[in-house]
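Report on the structure
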Amino acid sequence: MTKKVGQSLFTRMAMAVAKAAGKPATFMVAVLIVIVWAASGPLFGFGDTWQLVINTGTTIVTFLMVFLIQNTQNRDTEAMQIKLDELIHAIKEANNSLLDLEELDEKELDSIRKTYLQHAADARNESRSGGRL
């Protein structure tokens with residue numbers, strides 16, 4: 001992966017790990033680790049330490065992946081929001097007041113949503129009455 005201007009080390013690392021984590025080979029490595037762990041059970045007498053190894057390992061990986069996934073999701077959502085904002089901005093007839101909806105509180109969003117639900121209902125009613133002519 002080539003370094004892009006302005007990307008932090010964490011961003012580059014998060015992107016690389018997220019990309020690798022989603023590959024079938026990574027899944028197969030995880031399955032192999034579990035198989036090796038399970039097969040080693042008789043060797044260690046299925047003891048507490050044997051169980052602790054897999055429990056600790058999976059807990060640590062899960063804990064770190066939660067933050068990695070959240071970082072990736074935040075970045076993807078932000079990029080998509082910017083792209084949508086550009087589309088809204090580029091269309092002359094678009095309502096530019098919608099550009100920062102993600103910054104509004106829930107009551108304001110609900111109010112705007114009701115307006116658009118009404119627009120949709122009106123359009124359906126218009127379409128139905130227009131089809132009967």
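Note that the structure is a prediction, hence the values are computed from the model and not measured. (Residues numbered from 1 in each chain as written. Predicted model: local features only at pLDDT ≥ 70, side-chain atom pairs only at ≥ 80, totals over all residues. Heavy atoms only, no water.)

1. A look at unusual backbone geometry
Let me state the cut-off plainly: Numbering of helices and strands runs from the N terminus, with a helix taken as a DSSP run of H or I at least four residues long and a strand as a DSSP run of E at least two residues long. Burial classes follow relative accessibility: with a 1.4 Å probe on protein chains only, a residue under 20% of its type's maximum area counts as buried, one over 50% as exposed, and anything between as partly exposed.
The phi torsion at Phe46 lies on the positive side, around 50 degrees, for a residue other than glycine. Here Phe46 is to be found in the loop between α2 (24-39) and α3 (48-90). Under the relative-accessibility criterion, Phe46 is labelled partly exposed at 47%.

2. Notes on the layout of surface pockets
What counts is decided by this rule: Using a 1 Å grid laid over the protein atoms alone, points where a 1.4 Å probe fits but cannot get out form a cavity; open sets with protein on both sides within 12 Å along at least 5 of 7 lines form a pocket; any residue with an atom within 4 Å of a point counts as lining. Grid points are joined across faces, edges and corners, and a volume is the space filled by probe spheres set on the points. Note that Gly is not counted as nonpolar here; it falls among the polar residues with everything else outside the nonpolar set of Ala, Val, Leu, Ile, Met, Phe, Trp, Tyr, Cys and Pro and the charged set of Asp, Glu, Lys and Arg.
Empty space within the largest pocket amounts to approximately 340 Å³. Taken together, the elements giving at least two residues each to the lining of the largest pocket come down to α2 and α3. Looking at which element gives the most residues to the lining of the largest pocket, the answer is α3, with seven residues. A breakdown of the residues in the lining of the largest pocket according to their chemical character gives nine nonpolar, four polar and no charged.

3. Quick notes on the environment of Ala18
Put simply, the test is: Residue contacts are defined here by distance: any two heavy atoms, one from each residue, within 4.5 Å place the two residues in contact.
On the secondary structure map, Ala18 appears in helix α1 (residues 9-21). By relative accessible area, Ala18 is classed as partly exposed at 28%. Aside from chain neighbours lying at most four places away, what touches Ala18 is Leu68 and Thr72.

Any functional reading would require information that these geometric values do not contain.
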